[in-house]
Every structure is written in C-alpha cells, then in structure tokens.
Amino acid sequence: MPATDADIARLEQRITELEVKLAFQERTIDDLDAVLRRFTTRVESLERELSRVRGDLADGPPSTADVLAALDDEVE
C-alpha cells in the first residue's frame, strides 16, 4: 500500500520534532560541558590552595610576626 500524503506529512512532522529534540540535546550537552570544565578548573584551584595550606601547617604554627603581617596586608 503506497504512502498517502497524510502519512508523508506525519513522517515529516516526526522527523522535524526529532531534529528539534536533537538540537536541544546537543545544546544541553555543550552547556553541561562548559559548566563541568569551569567546575573542574575551580576544583583544581582549590586543591592547589589546600595543598599550599597543608604545607604551611606542616611547617608549624605561624609566628606572631607572620600573623600580624598578614593582618596588615588584609587591612591595606
């Protein structure tokens, strides 16, 4: 049985809907990839900072002079 014009129109509509869904999914994937890349960069930065802080703590408690110097830097 040959396809009718209505059948062809219905198939074209389904294809169009699938193309729209695919485009939306591609955009969503790209957006999520960008967010994940920024998150990864931030986590790596925080890991470096944590490592630095742990290194500072391993060296022992800061001297009073170091604490006062750090406070002075924050005030400026």
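Residues numbered from 1 in each chain as written. Predicted model: local features only at pLDDT ≥ 70, side-chain atom pairs only at ≥ 80, totals over all residues. Heavy atoms only, no water.

What follows is about the overall build of the protein chain. For the protein chain, the helix and strand inventory stands at two helices and zero strands. Scaling as 2.2 N^0.38, a compact globule of 76 residues should have a C-alpha radius of gyration of about 11 Å, whereas the protein chain reaches 29 Å, well beyond that. C-alpha extents for the protein chain along the principal axes are approximately 90 × 30 × 10 Å. Across the 76 residues of the protein chain, 0% fall into the buried class. Counting every atom, the protein chain has about 7300 Å² of accessible surface; 60% of that belongs to carbon and sulfur. Charge separation in the protein chain, taken as the distance between the mean sites of 10 positive and 19 negative side-chain charges, equals 7 Å. (Helix = DSSP H or I, 4+ residues; strand = E, 2+ residues; numbered from the N terminus. Rg over C-alpha atoms; globule rule 2.2 N^0.38 Å. Buried < 20%, exposed > 50% of the residue type's maximum accessible area, 1.4 Å probe, protein only. Areas by Shrake-Rupley, 256 points an atom, 1.4 Å probe, with all protein chains shown as cover. Lys, Arg positive; Asp, Glu negative; His and termini not counted. Charge placed at Lys NZ, Arg CZ, Asp CG, Glu CD.)

Turning to the pattern of salt bridges, a few remarks are in order. Within the structure shown, the criterion is met by five salt bridges. Close ionic contact of Arg-27 with Asp-31 constitutes a salt bridge, the shortest N to O distance being 3.9 Å. Here Arg-27 and its partner Asp-31 are both found in helix α1 (residues 5-58), four residues apart, which amounts to about one turn of the helix. What makes Asp-31 partly exposed here is its relative accessible area of 41%. Each of Glu-49, Arg-52 and Asp-56 takes part in one network of salt bridges that share partners. (Salt bridge = Lys/Arg side-chain N within 4 Å of Asp/Glu carboxyl O.)

Turning next to the environment of Ala-58. Note that Ala-58 resides in helix α1. When its relative accessible area of 66% is taken as the criterion, Ala-58 is described as exposed. A C-alpha to C-alpha distance of 63 Å links Ala-58 and Ile-15, two positions 43 residues apart in sequence.

A word on α1. The end-to-end C-alpha distance of α1 is 78 Å, a good match for the 80 Å that 54 residues give at a rise of 1.5 Å each. Once α1 finishes, Gly-60 follows within two positions and takes phi at roughly 105°, a positive value. (Expected span 1.5 Å × (residues − 1).)

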